[in-house]
Amino acid sequence: MGKIIAFSNKKGGVGKTTTAVNMAAYCADLGHKVLLVDIDSQGNATTGLGFSKSALKKSVYNVLIEGEPVASNVLPTCVQLLNLLPANVDLTGAEVEIVYKRNRERILKEALEKVRDQYDYIFIDCPPSLGLLTINAWVAADSIIIPLQSEYFAMEGVGQLMNTIALVKQHLNPALQIEGVVITMYDSRALISKQIAAEIKKFFKNKLYEIIIPRNVRLSEAPSHGVPVMLHDPKCVGARAYKALTEEFLSKQR
């Protein structure tokens, strides 16, 4: 039975998709069968793995809105053992369309349950919002990984995020847990980065991963080439950090 983990933060530009894509790639590289589900209408996880959103005829939209099975919409990727349930332009209107569905918060959960035993891990890349698509991900998930940027506004909105998670836990998914918090875009030269990292550690305590993801040009280049960083530049500091983070994540699963 695969573990389902949502990657979520209500703020955009914090390294959420970068973390989801690269952890999924390294999990697969380490021998685990992984499904990455892109439910962000921006489709960055989809393009980051080399697919054109505009060219895709089938996507997670067909699963959420038209009730198609996950298995018939999954694509193999450039990384062996890593599959993708992609997003395309159709997903833009899904937030509105899903409002009128029966059991609207549980659509993704019911769809993923049918393929859960085919994967070791199912990672869900959520939109940078607290709308119905994100709620669907949280209801489907066993746990949440929260990427937090090591900049001044990092903690802004975390209270609201935690409150919303608590509400979903109370009313829709009592088993939901915080899997972990990862600091991203860390600049070791900046005093503010160190101060913010200390604040994050104080707030999340043992939920904070020890591995910190630094700012890295090669890491930010990789999506434009349609590959995870392990295929773009496996020796760069960003690649080494995500490999170490994935190993820390997997060690906690054991």
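Residues numbered from 1 in each chain as written. Predicted model: local features only at pLDDT ≥ 70, side-chain atom pairs only at ≥ 80, totals over all residues. Heavy atoms only, no water.

The nonpolar side chains of a soluble globular protein tend to be buried with one another. Counting residues in each nonpolar core, the largest one holds 52 residues, and the members touching the most others are L35, V37, V70, L112, I124 and W138. By residue number, the principal contributor to this core is helix α6 (residues 132-140), which donates seven residues. V70 has contacts with L35, V63, L85, A111, L112 and V115, leaving out every residue within four places of it along the chain. Counting 34 residues, the second largest nonpolar core, distinct from the first, contains A24, F123, M230 and A241. (Core = buried A, V, L, I, M, F, W, Y, C linked by side-chain atoms within 4.5 Å. Buried < 20%, exposed > 50% of the residue type's maximum accessible area, 1.4 Å probe, protein only. Helix = DSSP H or I, 4+ residues; strand = E, 2+ residues; numbered from the N terminus. Contact = heavy atoms within 4.5 Å.)

We now examine the layout of surface pockets. Taken as a whole, the largest pocket spans an internal volume of roughly 370 Å³. Forming the walls of the largest pocket are 24 residues, and the residues nearest its centre are T18, M185, L219, S220 and P223. Secondary-structure elements contributing two or more residues to the lining of the largest pocket are α1 (16-29), α2 (44-48) and α9 (217-221). Class assignment for the residues of the lining of the largest pocket results in 13 nonpolar, ten polar and one charged. When its volume is computed, the second largest pocket comes out at roughly 240 Å³. Elements supplying a minimum of two residues to the lining of the second largest pocket: α3 (60-64) and α5 (107-113). Broken down by class, the residue content of the lining of the second largest pocket amounts to seven nonpolar, two polar and six charged. (1 Å grid on protein atoms, 1.4 Å probe; cavity = no way out; pocket = protein on both sides within 12 Å on 5 of 7 lines; lining within 4 Å. Points joined across faces, edges and corners; volume = space filled by probe spheres on them. Nonpolar A, V, L, I, M, F, W, Y, C, P; charged D, E, K, R; others polar.)

Here we take up the pattern of salt bridges. Applying the stated criterion across every chain yields a total of twelve salt bridges. With its nearest N and O atoms 2.8 Å apart, the salt bridge here joins K58 to E68. Here K58 is found in the loop between α2 and α3, whereas its partner E68 is found in the loop between α3 and β3 (75-76), with ten residues between them in sequence. Close ionic contact of R116 with D142 constitutes a salt bridge, the shortest N to O distance being 2.5 Å. Separated by 26 residues along the polypeptide, R116 in the loop between α5 and β5 (121-125) and D142 in the loop between α6 and β6 (143-149) bring together distant segments of the chain. The structure contains a network of salt bridges with shared partners spanning K109, E113, R116 and D142. (Salt bridge = Lys/Arg side-chain N within 4 Å of Asp/Glu carboxyl O.)

Turning our attention to the environment of E247. Topologically, E247 is positioned in helix α11 (residues 237-253). Along the chain, E247 and M23 lie 224 residues apart, while their C-alpha atoms are 9.2 Å from each other.

Backbone geometry at M185 places phi at a positive 55°, although glycine is not the residue there. Considering the arrangement of structural elements, one finds M185 in the loop between β7 (177-184) and α8 (191-204). Overall, the relative accessible area of 23% leaves M185 in the partly exposed class. With a phi close to 50°, K205 is a non-glycine residue in the positive phi region. Checked against the element boundaries, K205 lands in the loop between α8 and α9. Given a relative accessible area of 57%, K205 falls into the exposed group.

The next thing to look at is the state of the cysteines. Inspection of every chain in the model, using the stated rule, returns zero disulfides. With no disulfide of its own, C126 has C27 as its nearest cysteine by sulfur position, at a separation of 16 Å. (Disulfide = S-S within 2.5 Å.)

A few words now on a nonpolar patch on the surface. Together, V96, V99 and Y100 give the surface a local cluster of nonpolar side chains, amounting to about 340 Å² of exposed area. In this structure, V99 sits in the loop between α4 (94-97) and α5. Residue V99 is classed as partly exposed on the basis of its relative accessible area, which comes to 34%. (Patch = residues over 30% accessible without salt bridge, like charges linked within 9 Å, V, L, I, M, F, W, Y side chains within 5 Å. Areas by Shrake-Rupley, 256 points an atom, 1.4 Å probe, with all protein chains shown as cover.)

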